[in-house]
Amino acid sequence: MSEKSVRSETPVTAEAPAAEGGVSRRALLRVGAVGGAGMALVGVPGVGVPFLARRGLLSADGAFAATSMALGDQLYIEAFPTSPLIVSPFSDVLPIPTALRPVPPSSLRPAPGPGIGQQNSLGNETHQLWPSRIGYPDPIFYEINDEVSTHSFTTSQVLPIDRNGRATFSFDAAGRRVAAGKRTLPLSTIYSFNGTFPGPRINAEYGKPVLVRFTNRLDQNPLGLDRQDFGTPDWAALTHLHNAHTAPESDGNPHYSMVAGPRSQGFEVGQWVDQLYLNWPPGGDDREKQSFFWFHDHVMDHTGANVYKGKVGIYPIYDPKPLGSLGGTDMGDERQGLRLPGVRTDHPDGSFDVDYDIPLVLFDVRLDDGVTTHLDIHDTLGQFPEARNPRTHPEWWGKTFYKHFPNHGFVGDIFTVNGVAYPTLEVKRRKYRLRFLDASVARIYELKLMASTQGPKSAASLGYGGEELEGQYRIPDAQQCMRFTQIASDGGLLPFPLTRDSFELWPAKRREFVVDFTRYQDGSPTTKGDVIYLTNVMKMPTGRMWSNSTRFGIDPQYKIPVLKIVIGDDAPDNSVMPTPQTRLRDLPPLPSNWQSMLADRSIFEVQRGSAGGEIEWLINGEPFDPEHVLRSLKNPAGNQPLAAPKKNSFSLWEISNGGGCWVHSTHLHQEEHRTVMRNGKDVTKVPDRGHPDDVSREDLVALDPGEEVIIYRGFRDFVGPYVAHCHNLNHEDHAMMFAWSIT
Ligand SMILES: [Cu+2]
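Description of the structure in this document.

About the criteria used
Residues numbered from 1 in each chain as written. Predicted model: local features only at pLDDT ≥ 70, side-chain atom pairs only at ≥ 80, totals over all residues. Heavy atoms only, no water. Helix = DSSP H or I, 4+ residues; strand = E, 2+ residues; numbered from the N terminus. Buried < 20%, exposed > 50% of the residue type's maximum accessible area, 1.4 Å probe, protein only. Phe/Tyr/Trp six-rings, centres within 6.5 Å; stacked < 30°, edge-to-face > 60°. Lys NZ or Arg CZ within 6 Å of the ring centre and 35° of its normal. Donors = N, O, S within 2.8 Å, 3.2 Å for Na, K, Ca; no water. Pairing = 2+ DSSP bridges. Axes fitted to C-alpha atoms, helices over the stretch in contact; angles between N-to-C directions. Core = buried A, V, L, I, M, F, W, Y, C linked by side-chain atoms within 4.5 Å. Contact = heavy atoms within 4.5 Å. 1 Å grid on protein atoms, 1.4 Å probe; cavity = no way out; pocket = protein on both sides within 12 Å on 5 of 7 lines; lining within 4 Å. Points joined across faces, edges and corners; volume = space filled by probe spheres on them. Nonpolar A, V, L, I, M, F, W, Y, C, P; charged D, E, K, R; others polar.

Following arginine 109, the chain continues into proline 110 via a peptide bond in cis, with omega recorded as -5°. The residue proline 110 is located in the loop between β2 (92-93) and β3 (140-151) in this model. A cis amide bond links histidine 242 with the next residue in sequence, asparagine 243, at an omega value of 0°. Here asparagine 243 shows up in the loop between β11 (239-242) and α5 (254-259). Of note in this structure, arginine 263 is not a glycine but carries a positive phi near 50°. Note on placement: arginine 263 falls in the loop between α5 and β12 (272-277). A relative accessible area of 53% places arginine 263 in the exposed class. Here the phi dihedral of asparagine 679 falls at roughly 55°; this positive angle occurs in a residue that is not glycine. Looking at the element boundaries, asparagine 679 is found in the loop between β37 (673-678) and β38 (681-682). With a relative accessible area of 35%, asparagine 679 lands in the partly exposed category.

The subject of this paragraph is the packing of aromatic side chains. Enumeration according to the criterion identifies 39 aromatic pairs in this entry. Taking the centre distance of 5.7 Å and the plane angle of 10° together, the rings of phenylalanine 650 and tyrosine 712 count as stacked. On the criterion of sequence distance, the pair formed by phenylalanine 650 in strand β35 (residues 649-657) and tyrosine 712 in strand β41 (residues 708-715) is long-range, its members being 62 residues apart. Put simply, the rings of Phe80, Phe197, Phe230, Tyr308, Phe363, Phe401, Tyr402 and Phe410 pair up and form one aromatic cluster. The ring of tryptophan 272 has arginine 213 sitting right over it, with the charged end atom 3.8 Å from the ring centre. The lysine or arginine in question, arginine 544, covers the ring of tryptophan 662, its NZ or CZ lying 3.9 Å from the ring centre.

Glancing now at the coordination of the copper ion. The protein atoms donating to the copper ion are His664 (ND1), Cys726 (SG) and His731 (ND1), with metal-donor distances spanning 2.0 Å. Summarised as a motif, the one-chain spacing of the donors to the copper ion is H-x61-C-x4-H. Of this pair, histidine 664 sits in strand β36 (residues 664-668) while histidine 731 sits in helix α8 (residues 729-733), placing them 67 residues apart in sequence.

Judged by pairing direction, the sheet is antiparallel, and its 4 strands sit side by side in the order β40-β36-β42-β43 without closing on themselves. Across the chains shown, the open sheet's two edge strands, defined by having one partner strand only, are β40 (700-703) and β43 (737-742). With strand direction ignored, the average angle separating the axes of adjacent strands in the sheet is 20°.

Next up on the list: the nonpolar core. Formed by 74 residues in total, the largest nonpolar core has its most connected members in Leu360, Phe436, Phe517, Ile532 and Leu563. Sorting elements by how many residues they give to this core places strand β18 (residues 357-365) first, with 6 residues. Contact partners of leucine 360, with chain neighbours within four places excluded, come to Leu94, Val417, Asn418, Leu434, Arg435, Phe436, Leu437 and Leu563. Trp662, Val709, Phe715 and Met736 belong to the second-largest nonpolar core, a separate cluster that totals 33 residues.

Its place among the elements puts threonine 246 in the loop between β11 and α5. If we skip the residues at most four places from it in the chain, threonine 246 touches Asp251, Leu276, Tyr277, Gln670, Phe718 and Tyr722.

What follows deals with the pairing of strand β19 (residues 414-417). Side chains Ile414 and Thr416 project from β19 onto one buried face, and the interleaved Phe415 and Val417 project onto a second face that is buried too. As consecutive antiparallel partners, β19 and strand β20 (residues 420-421) are separated by 2 residues, and within that stretch asparagine 418 has a phi angle of approximately 50°, a positive value.

Relative to the helices and strands, threonine 168 resides in the loop between β4 (157-159) and β5 (170-171). For the pair threonine 168 and alanine 180, spaced 12 residues apart in sequence, the C-alpha to C-alpha distance is 4.8 Å. The contact partners of threonine 168, leaving out residues within four places of it in the chain, are Pro160, Ile161, Asp162, Ala180 and Gly181.

Now for empty space enclosed by the protein. Taken as a whole and assessed by the stated rule, the structure comprises 13 cavities of 30 Å³ or more. Roughly 70 Å³ of volume is contained in the second largest cavity. Looking at the second largest cavity, it is lined by 13 residues, and the ones nearest its centre are Ala244, His245, Asn279, Trp280 and Phe293. In terms of residue class, the lining of the second largest cavity is built from 9 nonpolar, 4 polar and no charged.

The structure is reproduced here in structure tokens:
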């Protein structure tokens with residue numbers, strides 16, 4: 001396929017306002033399906049064909065069968081329920097996960113180890129690099145089970161409302177109609193790590209490897225919970241520690257899983273895998289150290305569904321390496337090293353907790369209203385026969401609703417932090433380290449710290465309806481009152497801190513900040529009882545992209561409080577606020593000749609352009625083929641390098657957004673990169689204004705519409721299969737992923 005034909009983006013015009021019942025968006029979808037059919041006939045390449053054929057998505061003549069308008073309409077209905085209104089927001093306390101405790105090695109049977117076949121229960125894989133080979137101690141062992149469990153998003157009463165914000169009827173667990181009025185929310189069924197959402201927090205340290213035995217127990221369902229119609233249908237599980245520097249057998253990615261280890265979409269029920277996290281930076285280079293990982297499910301085609309169903313855990317990583325005479329650089333002890341906020345408590349088993357260092361996992365959810373029809377391609381493929389879709393599920397009223405909608409992506413209308421809708425955090429009057437993670441399927445946030453005299457009002461009570469109800473509450477009179485001092489991005493500590501009025505958080509991105517709760521940005525002191533809201537000001541009615549944000553036209557009415565912060569008592573504080581002069585973590589060097597490497601870069605273009613059916617998204621014209629590495633588009637040197645770099649090499653990769661008003665958050669497994677060019681401009685010294693932390697290392701490439709980014713990255717220490725993909729998980733699950741390999 002020529003590059004130009006790929007770029008001929010589906011001719012979607014400006015997004016029409018949502019009509020009743022989502023008619024306008026279905027019309028858009030038809031346009032997409034027609035464009036897709038044209039694409040498929042021009043450009044279906046050979047490489048993805050066997051894989052697609054197995055899924056029944058290939059017709060006899062080589063074009064995809066599922067590209068007709070009619071079939072497109074049968075595949076999915078883009079209609080979403082309106083979640084019931086949480087009547088008493090900010091009455092639940094923000095849960096702060098504490099450290100998972102290790103297990104003695106003797107408790108793992110059979111024992112983990114470096115021997116042949118010891119890496120998983122199939123006996124067909126071996127750890128590529130056991131810690132002793134790099135002079136590291138034996139790992140600390142953890143045990144995590146994939147489990148069916150339940151989750152409560154709120155203890156508040158809820159009021160069922162319709163899409164106009166008016167009180168409406170609901171249903172009980174038997175599907176019987178219940179008259180309008182306040183109710184208690186039923187528990188949602190989750191797939192989880194060790195039974196909770198979010199799952200465990202592992203506090204890790206550089207120099208101390210961790211081995212996690214993940215065992216798939218998703219077959220066990222002692223409470224007889226209804227699994228509904230999303231989540232991996234065969235209960236396979238595959239866990240990826242995003243973005244650890246790990247060997248493929250411990251990376252949990254679908255390229256690996258299809259060609260090695262389980263040789264299927266994931267580990268089946270009853271199987272286990274020992275994932276070894278060396279906690280060792282690429283090349284042993286301290287400048288490559290990171291600070292905040294998370295782990296999540298990565299089963300092919302169902303990553304979004306499984307993450308949304310609860311497969312999320314967090315993994316802050318600390319650095320005890322001495323910083324001159326100042327003590328450990330970043331070890332969770334504010335008396336040492338960089339003196340970032342954190343008071344550390346060591347436990348006898350080797351684990352530790354850190355106070356004043358708080359992970360904030362953002363996640364948006366939508367709850368079933370019992371009147372929205374369920375139907376998507378996974379139903380038409382027969383993956384959820386028990387659901388007997390298309391139909392409504394009144395018996396699931398108030399439980400998580402999900403749709404594998406491949407086009408815009410899935411966004412929720414209730415915003416949660418650490419698994420709770422609209423929680424409250426009481427802080428001491430001192431500095432904190434806040435670690436943000438966007439664990440949402442597709443939603444991007446822009447966050448501010450704001451004060452409000454009048455407090456939250458429900459969007460429904462303010463007269464909003466439809467997509468304007470997303471977020472449920474607003475603080476119309478709110479004003480920014482504090483700034484953030486950013487210290488880290490998804491690639492770890494920044495070279496120097498950045499002062500931010502607000503910041504964007506894209507799916508899978510992490511951003512870390514120091515916030516001083518003793519005073520406001522105007523210098524005046526806080527007092528006990530003061531209230532500050534962490535507020536989302538980015539309006540994103542669909543997963544396609546935001547409609548309003550600071551960079552693209554703020555909607556001054558859209559101020560959604562997601563976390564209420566209440567100032568409490570004074571407390572000792574030995575931390576030091578980093579200043580613009582503080583050197584946090586030097587960047588690894590770029591070669592002086594990096595510009596001479598530009599001509600022979602590898603080029604990957606992420607595209608809207610359906611190959612048919614659920615295959616809505618392509619890279620270089622290809623849907624994800626889990627068994628073959630992708631080839632670059634033709635670069636200026638006239639080459640099309642295969643995405644198979646040699647071990648310990650470095651290269652330039654271009655990731656470009658092939659058009660349309662979609663944004664993509666593209667994640668490359670295995671090593672961080674540095675952005676060197678954005679939209680043709682060198683950003684190594686002065687970053688693009690819209691992407692200020694391009695000056696840091698990152699593991700995600702944030703692509704605005706039409707943007708192209710060139711990154712420099714290494715491929716060190718391991719060999720084998722990895723992936724790169726969009727972290728809008730609807731895009732990823734609908735083929736916007738490619739296989740690459742270190743040889
Ligand atoms: Cu995307």
